[in-house]
Structures are given as C-alpha cells and as structure tokens.
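# Tertiary structure, described
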Amino acid sequence: MKIGGFIKTTLSDWDGKVSCLVFLAGCNFSCPYCHNPEIAKGTCEHVDVDEVIRYIAENSDFLEGVVISGGEPTLNGDLYQFLKEIKKMGLGIKIDTNGSSPEVLDDIIGAKLVDYVAMDIKAPLAIDKYRQATGGYGDVDAIKRSICLIMGSGVGYEFRTTVYPGVLSHEDVVDIARSVKGAERFCIQQFRPKITLDPEAGKVKPYSVKELRAMHDAAKPYVKRVSVRGL
C-alpha cells in the first residue's frame with residue numbers, strides 16, 4: 001500500500017461528514033491538468049500505512065468517514081484489505097476513482113466496503129476525446145461499465161468533470177451530462193492552473209464564472225442535481 005499523502009481532518013471532501021483523506025500513489029492516466037502530479041506519478045514521499053491506520057483508529061469517535069483518493073485507488077492491490085480495516089472501525093468510506101477498473105469497483109461495492117463513490121469523467125465517451133484528456137487512455141468501454149455499475153449500485157455517488165479549456169468545450173460538458181442521464185449528481189469542477197502535470201497546461205486560462213454557470217444550466221436537464229465547485 002503506497003500512501004502518497006494524508007490529511008487528518010477535512011470538511012470539504014465528503015459533504016456533511018468530518019473525514020480524513022488518504023491519497024494512494026500511482027495513476028494510469030496522465031491528465032495534463034492533474035493538480036496532484038507527484039502522487040499521480042508515484043514520485044511523492046510515502047506515508048507509513050500503520051501510522052495512518054493508527055490515527056484513524058484512535059480518532060474513530062471523532063471521524064465520520066475516510067476518503068480514499070489518489071492517484072487512482074483501484075490500482076492498489078492492497079485496497080480491499082485496507083478498506084476492510086477501516087470498516088472494522090465503523091467508519092463510512094468514500095472512494096474517488098477515474099472509473100478505469102470496473103471489476104475492482106464491483107468487488108468493493110459488492111462487499112459493502114464503500115458508502116459513496118465519486119467518479120471523474122474526463123471527457124465525452126469517445127476514444128479520441130478520452131485519449132486527449134487523459135494523456136493516452138482510451139478504454140471508454142471500461143468507463144461506461146463503471147458508470148452503469150455505479151448508477152445501479154445502491155450506494156451514494158456523484159460524477160465529476162474538471163473543465164480544462166485545453167480539452168473540453170461547453171458542448172463537451174453537455175455531452176458528458178447526457179452520458180449519465182438520470183444520475184443523482186453531476187459536479188462541474190473548475191480547472192486550477194497553479195500546479196499541473198504538464199507545465200503547459202498551467203498556462204491555460206480557466207473558464208470564467210459566467211461560462212461555468214452556462215455549463216451548469218445546460219447540464220441540468222439531464223441529471224437530478226448539478227453543482228459547480230471551485231468558483
């Protein structure tokens with residue numbers, strides 16, 4: 001288990017819950033706008049797993065949940081056991097994922113090891129668009145399977161899209177909303193140019209608040225709840 005970062009308390013990563021945030025190192029995407037490049041590439045310093053588990057156990061009366069993020073958590077072979085350890089403490093678990101491992105998602109949801117899934121949808125579900133947005137990943141069938149699995153899982157969930165102007169247009173965001181028609185929640189996230197995997201991406205100007213609100217309004221007919229983060 002390669003933990004690339006640990007935040008002991010967060011109020012913003014799982015709505016309504018006092019949580020801690022665990023970043024698992026490594027990702028199979030190379031999104032140019034990624035704001036956790038060292039964690040994604042696995043070049044970050046690693047946090048001791050036992051220390052993280054000890055902290056969670058000692059504060060399980062204070063914490064309401066644990067958020068597992070990355071990188072891409074589903075790539076880690078020790079994920080299942082890690083989730084089991086947390087569940088023994090009686091805490092809720094939220095996992096952030098890029099949706100590239102539907103089999104892993106199926107396993108951990110079926111074993112009741114997660115209570116909330118936040119899946120990033122990087123682009124419209126076309127191979128060329130996905131490869132452009134992710135730096136080469138093009139298995140959109142896996143992404144589609146994850147979407148269907150999550151929507152039918154019975155656990156809480158949301159789909160999220162970071163609107164990086166270097167790849168996504170207004171209409172692309174609407175296409176993504178159409179691809180999850182009927183979903184409980186779709187979050188449009190502002191692109192943050194401060195730290196990016198590709199230095200050139202950091203030079204791209206984010207969409208304006210007006211443009212993000214227009215995307216929000218255009219996506220509303222397709223999902224039950226649309227929100228905008230990072231304004």
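All values derive from a computational prediction rather than experimental measurement.

### Things to note about the pairing of strand β3 (residues 65-69)
Taken residue by residue, a regular strand's side chains alternate between the two faces of the sheet. Burial within β3 is extensive, with five of its five residues counted as buried. A two-sided burial pattern is seen for β3, the buried positions comprising G65, V67 and S69 on one face and V66 and I68 on the other. Where strand β2 (residues 19-24) lies against β3, five bridges are found, and the strand directions are parallel. Within β3, the residue paired with F23 across the bridge is S69. Summarising the sheet, β3 and strand β4 (residues 92-97) pair through four bridges and their orientation is parallel. Counted as the bridge partner of I68 is I95 from β4. In this fold, β3 hands off to helix α3 (residues 79-88), which returns the chain to β4; that crossover is right-handed.

### Concerning helix α4 (residues 102-110)
Turning to α4, its buried residues are P102, L105, I108 and I109. Down the axis of α4, the sector holding all buried residues measures 130°, keeping them to one side. Taken from the residues just after α4, K112 is the one with a positive phi, measuring 60°.

### Focus: the packing of α3 against α4
At a closest axis distance of 11 Å, the pairing of α3 and α4 adopts a crossing angle of 25°. The orientation of α3 with respect to α4, classified from their angle, is roughly parallel. Once α3 is placed against α4, the crossing between them reads as right-handed. Between α3 and α4, the residues in contact are L79, Y80 and L83 and V104, D107 and I108, respectively. Across the contact of α3 with α4, the residue classes tally to five nonpolar, no polar and one charged.

### Details of the sheet that holds β2
Read from one edge of the open sheet, eight strands run β1-β2-β3-β4-β5-β6-β7-β8, paired in mixed fashion. Looking at strand neighbours, the two that pair on one side only are β1 (3-10) and β8 (226-229), the edges of this open sheet. Strand-to-strand twist in this sheet, taken as the mean axis angle between neighbours without regard to direction, amounts to 20°. As paired strands, β1 and β2 are joined by five bridges and run antiparallel to one another. Residue F6 lies in a different strand from β2, and its bridge partner there is V22. Against the sheet, helix α7 (residues 170-179) touches β6 (156-163) and β7 (186-190), its axis set at about 155° to β7.

Reading the values: the criteria
- Residues numbered from 1 in each chain as written.
- Predicted model: local features only at pLDDT ≥ 70, side-chain atom pairs only at ≥ 80, totals over all residues.
- Heavy atoms only, no water.
- Buried < 20%, exposed > 50% of the residue type's maximum accessible area, 1.4 Å probe, protein only.
- Helix = DSSP H or I, 4+ residues; strand = E, 2+ residues; numbered from the N terminus.
- Pairing = 2+ DSSP bridges.
- Right-handed = clockwise from strand over helix to strand, strands pointing away.
- Arc of directions from axis to C-beta.
- Axes fitted to C-alpha atoms, helices over the stretch in contact; angles between N-to-C directions.
- Parallel < 35°, antiparallel > 145°, perpendicular 65-115°, else oblique.
- Left-handed = near helix turned anticlockwise from the far one by under 90°.
- Contact = heavy atoms within 4.5 Å.
- Nonpolar A, V, L, I, M, F, W, Y, C, P; charged D, E, K, R; others polar.

Interpretation in functional terms is not warranted from these geometric data alone.
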